[in-house]
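Summary of the model geometry
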Amino acid sequence: MKKGILLVNLGSPKSTSVEDVKEYLDEFLMDEKVIDYRWFFRALLVRGIILKTRPQKSAEAYKTVWTDEGSPLIVITQKIQQKLQQLVDIPVEIGMRYAEPSIQSGIQKLVNQGVTDIVLFPLYPQYAMSTTETVVDKAEEVRKRFFPEVNIKYIPPFYNRDLYIDCLAESIREKLPEQFDALQFSYHGVPERHIYKTDKSKTCRLDNETCNHSTNELHNQLCYRHQCYKTTELVAEKLGLPKEKVLVTFQSRLGKDKWIEPYTDETLEQLPQRGVKNLAIVCPAFVSDCLETLEEIAEEGKEEFLHAGGEQFHYLPCLNDEDRWIQVVKALCEEQL
């Protein structure tokens, strides 16, 4: 049996053209794990409303972060692949949950090299229905349809693993300014109903008492909000930060549904009035910088904070292709190998 590794990230439009952004958003938002309405109502919302206006706005946003090499997320994932390939003696390929290179093409490249056993790594520290779960579902769909002879092992969420926490804490420590009033951990948001749908323990109340102090493993394994708070708690402990200097918020709301709180944008507008003038912010739901970090936080978030009376705003980049992070990726893959 020959083994191989497939790194899977979210994905990106092929270009910043409105047509390519629309095609990408259609595939992304029509995923029932992202917008979990029945197909008819999902199509009515996405194709009847969202795709009428959002692609133009999103295309303009992508233009502000696009590089000469292409989409930041794709480029960074390729760099992770290349660095990991130098450290292991088995094939490493990448796939995206949406758009190209696809999960199917990534598996095909591995199969073409004689691989029969794949370790698939969803590049998301925390579990969510719209991230880890949809990657596994898509990979299994592709495997059963096109590669029934291939075996796939999946790397589970690593939000609380010591090797990841140490890596993230050291990365943050190196980027923090000498003086700051608060460190804000901004995670990608999800609708509240997603939390309830994935909570097999039926104990989640979406409050800080449950998310911060739950000892119910069945709840903790699948509760995104809990995992975000746990990552924050562990990193803050490593950094020796007092609790009053640490904030957790959630960004990237879509539509009118209730999403998990507190919201990043509203918090950024309130912080200066609460005495926070010098802010550092990090986005640990992402391992690679992308539209949601570079445009939504580093650009729009900064503007919101400064406009509200803030004085200094420090966006701390993701782990990206830092060597210490590549070592974590290697170690997590080797556990499954």
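Going by the structure above, here's the rest.
Residues numbered from 1 in each chain as written. Predicted model: local features only at pLDDT ≥ 70, side-chain atom pairs only at ≥ 80, totals over all residues. Heavy atoms only, no water.

**Details of unusual backbone geometry**
In this structure, the amide linkage connecting E100 to the following residue, P101, adopts the cis form with an omega of -5°. If you trace the backbone, P101 turns up in the loop between strand 2 (92–98) and helix 4 (103–112). A cis amide bond links E261 to the next residue, P262, at an omega of 0°. Locating P262 in the fold gives a position in the loop between strand 6 (246–251) and helix 11 (264–270). The backbone of S252 sits at a positive phi, close to 65°, despite the residue not being glycine. The residue S252 is located in the loop between strand 6 and helix 11 in this model. Taking the relative accessible area as the measure of exposure, S252 reaches 16% and is therefore buried. If you check the backbone angles, N320 has positive phi at about 50° while not being a glycine. Along the chain, N320 falls in the loop between strand 8 (312–316) and helix 14 (323–336). (Helix = DSSP H or I, 4+ residues; strand = E, 2+ residues; numbered from the N terminus. Buried < 20%, exposed > 50% of the residue type's maximum accessible area, 1.4 Å probe, protein only.)

**So, the pattern of salt bridges**
Inspection of the entire model under this criterion finds 25 salt bridges. Of the charged contacts, one joins R143 and E140 as a salt bridge, the two residues approaching to 3.1 Å between their closest N and O atoms. Here E140 and R143 lie together in helix 5 (residues 129–146), a separation of 3 residues that amounts to about one turn. Among the residues examined, R143 registers a relative accessible area of 16% and is labelled buried. Linking D207 and R205 is a salt bridge whose minimum nitrogen-to-oxygen distance equals 3.2 Å. Under the relative-accessibility criterion, D207 is labelled partly exposed at 25%. (Salt bridge = Lys/Arg side-chain N within 4 Å of Asp/Glu carboxyl O.)

**Digging into the nonpolar core**
By size, the foremost hydrophobic cluster in this structure holds 109 residues, and its most contacted members are L7, F121, I172, L183, Y224 and W325. Looking at this core element by element, the count peaks at 8 residues for helix 2 (residues 39–65). With residues up to four places along the chain from it excluded, the contact list for F121 reads L6, L7, V8, I155, F158, W325, V329, L332 and C333. (Core = buried A, V, L, I, M, F, W, Y, C linked by side-chain atoms within 4.5 Å. Contact = heavy atoms within 4.5 Å.)

Taken by themselves, the reported measurements are silent on function.
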